[in-house]
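The chain contents come next:
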Amino acid sequence: MLEPVLELLNIRDDGLYVDCTLGGGGHSAAILTKLGPQGRLVAIDRDQDAQQAGRERLAQVANHSNWQTVHGNFSDLTGIFADLAITGADGILADFGVSSWQLDQADRGFGYGQDGPLDMRMDHSNGPTAADVVNSRSQEELVRILRDYGEERYAGRIASAIVAYRNRQPFRSTAELRDVVIRAMPAAARQEAQHPARRTFQAIRIEVNQELAAIEQLLANAPDLLNHGGRLCIITFHSLEDRLVKEAFRKLENPCTCPREFPVCICGRKPMGRVVTRRAVVASAAEQKENPRSRSAKLRCFERLIEGG
Ligand SMILES: C[S@@+](CC[C@H](N)C(=O)[O-])C[C@H]1O[C@@H](n2cnc3c(N)ncnc32)[C@H](O)[C@@H]1O
């Protein structure tokens, strides 16, 4: 999704761009190569390790004069702009979820493919871990998390197996959770193409990191932080995220709440801009082949068309 992102961001060499999800720095590095000395890039990540890895990548692209990284949560984008005395951006990018790098680090506990501590916190300096969630939440709460955040058909069976296991001993590792989930699934479901624990791990990770709340906050704040003509580009990885983005963009383009039968608008809500991507952009066949994770990626873009204020 690198090429379409760069195209949709419509990068000016003297513009100010904010990457809300630095990760391994792939998008940020590409943006940086398009900026001149008057341009500026601010790259944010809530994961201290990702921030460090991203910094190292960016340092290979350009000296430190026109970019900086920030350790922070994009839910606080308004506060980050205020701290940096930024009044408006020409482009804001967010590429949700976890990075392949985070998934591959066994000690971060995101993946079911290898054993590690059941952590899953992107910002590992605070907040409850995945182990805290599975060891302490009620069975009903676990069902809700698995159903709402994982769209898991077998949420009831899995939650009940989690509670039965933790009544004997608390969960400590990713392998324990993965094995309990696999055993709780009906035999036929274990044969499906996707790993049987994929949806449970996604759901617990979303809960641990309060991901949807952060996305809602970003969608509420980012449009106000764009300059006139500035663009907000967002890449999502599952339908829960994509639904939030699509609906927020629709409302920005058409905020009118008047009943359809009204001949003229009386609510007075004015569009803030336009949705640039009528349909979500998906990864090319070649990219999907090279990087299977990109198969579920969807890119949407909104352009602000009123002056800031
Ligand atoms: C899919 S990766 C981004 C990959 C990046 N675009 C690249 O080119 O390498 C997502 C990154 O966003 C970070 N992240 C997720 N939610 C965040 C949030 N609410 N605030 C800041 N960073 C977040 C994760 O820690 C992770 O490093």
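Residues numbered from 1 in each chain as written. Predicted model: local features only at pLDDT ≥ 70, side-chain atom pairs only at ≥ 80, totals over all residues. Heavy atoms only, no water.

A. Focus on the overall build of the protein chain. For the protein chain, the count of helices and strands is 14 helices and 8 strands. For 309 residues, the compact-globule estimate of 2.2 N^0.38 gives 19 Å, and the protein chain sits close to it at 21 Å. Overall, the C-alpha framework of the protein chain stretches about 60 × 60 × 40 Å when taken along its three principal axes. Across the protein chain, every contact between residues at least 6 apart in sequence was considered, and the portion connecting residues at least 24 apart equals 68%. With the model as given, the accessible surface of the protein chain reaches about 14800 Å², and the carbon-plus-sulfur share is 48%. (Helix = DSSP H or I, 4+ residues; strand = E, 2+ residues; numbered from the N terminus. Rg over C-alpha atoms; globule rule 2.2 N^0.38 Å. Contact = heavy atoms within 4.5 Å. Areas by Shrake-Rupley, 256 points an atom, 1.4 Å probe, with all protein chains shown as cover.)

B. Layout of the packing of helix α7 (residues 139-150) against helix α11 (residues 198-209). Interhelical geometry of α7 versus α11 gives an angle of 100° and a closest axis separation of 8 Å. Between α7 and α11, the interaxial angle falls into the category roughly perpendicular. Along the contact surface, α7 presents Arg144, Ile145, Leu146, Tyr149 and Gly150, while α11 presents Arg199, Thr200, Gln202, Ala203, Ile204, Ile206 and Glu207. Across the contact of α7 with α11, the residue classes tally to 6 nonpolar, 3 polar and 3 charged. (Axes fitted to C-alpha atoms, helices over the stretch in contact; angles between N-to-C directions. Parallel < 35°, antiparallel > 145°, perpendicular 65-115°, else oblique. Nonpolar A, V, L, I, M, F, W, Y, C, P; charged D, E, K, R; others polar.)

C. Main features of helix α12 (residues 211-221). Those residues of α12 lying buried are Glu211, Leu212, Ala214, Ile215, Leu218, Leu219 and Asn221. Looking at the buried residues of α12, the elements they touch are α4 (77-83), β4 (89-95), α7, α11, β5 (226-236) and α13 (239-253). (Buried < 20%, exposed > 50% of the residue type's maximum accessible area, 1.4 Å probe, protein only.)

D. Spotlight on the domain arrangement of the protein chain. Segmentation of the protein chain into domains returns domain 1 (2-101 + 212-304) and domain 2 (106-210). For domain 1 versus domain 2, the distance between C-alpha centres works out to 29 Å. On the domain 2 side, the residues contacting the 15 residues of domain 1 number 14 residues. Summed over both sides, the interface between domain 1 and domain 2 buries roughly 1200 Å², with carbon and sulfur atoms accounting for 49% of that surface. There are 3 salt bridges connecting domain 1 and domain 2. (Domains from an automatic or database assignment. Buried area = accessible area lost by both parts, 1.4 Å probe. Salt bridge = Lys/Arg side-chain N within 4 Å of Asp/Glu carboxyl O.)

E. Spotlight on the side chain of Arg205. Tracing the backbone through its elements, the reader meets Arg205 in helix α11. On the accessibility criterion, Arg205 (11% relative accessible area) is buried. Setting aside anything within four residues of it in sequence, one finds Arg205 in contact with Gly97, Val98, Phe110, Met120, Met122 and Glu211.

F. Layout of the pattern of salt bridges. Applying the stated criterion across every chain, the model contains 24 salt bridges. Salt-bridge contacts for Glu211 lead to Arg205; the nearest nitrogen and oxygen are separated by 2.8 Å. Classification of Glu211 as buried rests on a relative accessible area of 6%. In this structure, Glu247 engages Arg250 in a salt bridge whose closest nitrogen and oxygen atoms are separated by 2.9 Å. Taken together, the positions of Glu247 and Arg250, both in helix α13 and 3 residues apart, correspond to about one turn of that helix. Residue Glu247 is classed as partly exposed on the basis of its relative accessible area, which comes to 32%. Via salt bridges that share partners, Arg137, Glu141, Arg144, Arg147, Asp148 and Glu207 belong to a single interconnected network.

G. Seen up close, the site of the ligand. Inspection of the region around the ligand gives 23 residues, with His27, Asp45, Asn73, Asp95 and Gln102 positioned closest. Arg46 has a polar backbone atom sitting 3.2 Å from a nitrogen atom of the ligand. Taking Phe74, its main chain carries an N or O atom lying 2.9 Å from a nitrogen atom of the ligand. In the complex, 93% of the free accessible area of the ligand, which totals 600 Å², lies under the protein chains. (Near = heavy atom within 4 Å. Polar contact = N/O pair within 3.5 Å; in protein donor to acceptor, adjacent residues only side chain to side chain.)

H. Inspection of the side chain of Gln202 at higher detail. Topologically, Gln202 is positioned in helix α11. If we ignore the near neighbours within four places in the chain, the residues touching Gln202 are Tyr149, Gly150, His238 and Leu240.

I. Local environment of the environment of Ser138. When you line up the elements, Ser138 lands in the loop between α6 (130-136) and α7. According to the relative accessible area criterion, Ser138 is partly exposed, its value standing at 35%. In this structure, the C-alpha to C-alpha distance between Ser138 and Phe96, residues 42 residues apart in sequence, is 28 Å. A polar contact is formed between the side chain of Ser138 and the backbone nitrogen of Glu141, at a distance of 3.1 Å.

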